[in-house]
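Single-letter residue listing:
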Amino acid sequence: MSAVKKKILFVVMDGLGDRACKALGGLTPLQYTSTPNLDWFAENGTSGIMDVIAPGIAPGSDTAHLSLLGYDPDKVYTGRGPFEAAGIGLIGKEGDVAFRCNFSTVDNNMIITDRRAGRVKAPETTELIKALNGMVIDGVEVIVKEGTEHRAALLLRGPGLNADVTDADPHDLGPVAVSKGRTKDAEFTASVLNKFVKASYELMKDHPVNLERRKKGLPEANILLPRGAGSFPHIIPFQKKNKMSAACVAGVGMIKGICGVCGLDVIDLPPECTGGLDTDMIKKADAALRTLNDYDYVLMNVKASDVSGHDGIAEQKCSVISRLDEMAGYIKNSMPKDLVIAFTADHCTPIEVGDHTGDPVPVTIYSEGIVKDNVKHFNELDCSKGRIGRIRGHNLLQICMDIANRSEKFGA
Ligand code: ZN
Ligand code: ZN
């Protein structure tokens, strides 16, 4: 007899975990806020706590999501450049070197006068990017793509590249920095990068977009300044590794980038799903449930809880949690049969800290027929008494695959 292979949904409530808050009488926002729907999943499921990377390590959202997807961030995380590039749809191949960039303003002496070129944006940046694409420098192919506002990504592709180079963006006003190789092997890449920066100035300084901006007295977007070099890592695509088709439903570029690099399909969302505090969580949940019609595995990220943790306002985080609970209620009423669903976070963003910490996060897994434990509330403390115990981030996928009847037998 072979059991039916279930589908899997991860609901990652970004930065949800917290610590005891003075403003909430010593409770965490999750303990303080009434969450009947998340509690329903805890009561009917099995719970635990999770060190997303390792005990006491404060994860970034990027490294945390790699871990949740079952990868070892120590092996595959090569810096922000490639994942940010992927976040705006520029997914490179293994060995490509990627950078984050700003459109900036320089004067005739290459002195930076505005690091964001007056927050220039599309359609002007789209036109400028057209002028920059198609360049080949010393045998290296140059690919650029615009991001939001003054942001862009740069990808270098060719033989002999090495990402160990310093930024051409000095992160301040003043002269453009000259990129240097930190090792001898990286000197060639630094020289290509410096040539690109110069070429970007030559190609953009008298571009019609800038002639128009000059007429209007706006800062010209006449140079592209790259930073945060990283090479695209060798990653076994998620689908191949786990024998499941997979997609991600997220509003934030960086999460989309991480998932894209791991081979997940990145689903387009309605504009109401912003990745910010004002996001429409029900629409996002609806998109995730629809996506499950076509995929075996879906990762859904809601960023608002992290934003409220960074803002450090207790009531704001509690109200985000109430909305997350409504979203959990929507999922409860609309989820398909034969689903394994995990509610969790990628890290804690305690309101009294205003940043990520290494405290473990709560996790609850629900599926029809799962062994229930005695946990009745979804929060940092109650979940720690559950049957899953204390796991690492990369364990979660395997545990859910097992519950979904997708785990392969080890041995005879
Ligand atoms: Zn996060
Ligand atoms: Zn954060």
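As the structure is a prediction and not an experimental result, all values here were calculated from the model.

What to know about the coordination of the zinc ion (ligand 1)
Surrounding the zinc ion (ligand 1) are the protein donor atoms Asp14 (OD), Ser61 (OG), Asp346 (OD) and His347 (NE2), which sit 1.9 to 2.1 Å from the metal. Here the zinc ion (ligand 1) and the zinc ion (ligand 2) are spaced 4.6 Å apart. You can see Asp14 sitting in the loop between β1 (7-13) and α1 (29-32) and its partner Ser61 sitting in helix α3 (residues 61-68), a full 47 residues away along the chain. Owing to a relative accessible area of 0%, Asp14 belongs among the buried residues under this scheme.

Points about the coordination of the zinc ion (ligand 2)
Note on the zinc ion (ligand 2): its protein donors are Asp306 (OD), Asp306 (OD), His310 (NE2) and His356 (NE2). The metal-donor distances range over 2.0 to 2.5 Å. In this structure, the zinc ion (ligand 2) is surrounded by four donor atoms whose angles at the metal cover 55 to 143°, and the resulting shape is irregular. All donors of the zinc ion (ligand 2) come from a single chain, and their spacing in sequence reads D-x3-H-x45-H. Accessibility expressed as a relative area gives 3% for Asp306, which makes it buried.

A few points about unusual backbone geometry
Here the amide bond leading from Ala122 into Pro123 is cis, since omega sits at 5°, within 30 degrees of zero. Residue placement: Pro123 occurs in the loop between β4 (111-114) and α6 (124-132). Notably, Arg119 is not glycine yet its phi reads approximately 50°, a positive angle. Tracing the chain through its elements places Arg119 in the loop between β4 and α6. Even without glycine at this site, Asn405 takes up a positive phi of about 60°.

A short note on the nonpolar core
By size, the foremost hydrophobic cluster in this structure holds 86 residues, and its most contacted members are Leu9, Phe10, Leu69, Tyr297, Ile331, Phe343 and Leu396. The residue makeup of this core includes at least three contributed by each of domain 1 (7-76 + 235-403) and domain 2 (84-231). Setting aside anything within four residues of it in sequence, one finds Leu396 in contact with Phe10, Met50, Leu68, Ala342, Thr344, Val363, Ile365 and Ile391. Among the nonpolar cores identified, the runner-up in size contains 39 residues, and Ala152, Leu156, Val176 and Ala221 belong to it.

A closer look at the sheet that holds strand β15 (residues 389-392)
Spatially, the eight strands line up as an open sheet ordered β11-β10-β12-β1-β13-β14-β2-β15, and their pairing is mixed. Among the strands making up the open sheet, the edge pair consists of β11 (265-266) and β15. In the packing of α3 onto the sheet, the strands contacted are β1, β2 (46-51) and β12 (297-302), and the crossing angle to β1 comes to about 160°.

Here we look at the side chain of Thr46
The residue Thr46 is located in strand β2 in this model. A polar contact of 3.5 Å, which involves the side chain of Thr46, links it to the side chain of Asp373. Once you skip the residues sitting within four places of it in the chain, Thr46 turns out to touch Val363, Thr364, Ile365, Ile370, Val371, Asp373, Arg387 and Ile388.

Some remarks on the domain arrangement of the protein chain
For the protein chain, the domain assignment lists domain 1 (7-76 + 235-403) and domain 2 (84-231). One C-alpha centre belongs to domain 1, the other to domain 2, and the line joining them spans 35 Å. Taken residue by residue, the interface counts six residues in domain 1 and four residues in domain 2. Summing both sides of the interface, domain 1 and domain 2 together bury roughly 350 Å²; the carbon and sulfur share of this comes to 71%. Between domain 1 and domain 2 we count zero salt bridges in total. In this assembly, domain 1 and domain 2 are joined by zero residue pairs in polar contact (both at pLDDT 80 or more). Its residues assigned to classes, the side of domain 1 that touches domain 2 shows two nonpolar, three polar and one charged.

Each value, and the rule that gives it
- Residues numbered from 1 in each chain as written.
- Chains lettered and ligands numbered in written order.
- Predicted model: local features only at pLDDT ≥ 70, side-chain atom pairs only at ≥ 80, totals over all residues.
- Heavy atoms only, no water.
- Donors = N, O, S within 2.8 Å, 3.2 Å for Na, K, Ca; no water.
- Helix = DSSP H or I, 4+ residues; strand = E, 2+ residues; numbered from the N terminus.
- Buried < 20%, exposed > 50% of the residue type's maximum accessible area, 1.4 Å probe, protein only.
- Tetrahedral: all angles 85-135°; square planar, octahedral: opposite > 155°, others 65-115°.
- Core = buried A, V, L, I, M, F, W, Y, C linked by side-chain atoms within 4.5 Å.
- Domains from an automatic or database assignment.
- Contact = heavy atoms within 4.5 Å.
- Pairing = 2+ DSSP bridges.
- Axes fitted to C-alpha atoms, helices over the stretch in contact; angles between N-to-C directions.
- Polar contact = N/O pair within 3.5 Å; in protein donor to acceptor, adjacent residues only side chain to side chain.
- Buried area = accessible area lost by both parts, 1.4 Å probe.
- Salt bridge = Lys/Arg side-chain N within 4 Å of Asp/Glu carboxyl O.
- Nonpolar A, V, L, I, M, F, W, Y, C, P; charged D, E, K, R; others polar.

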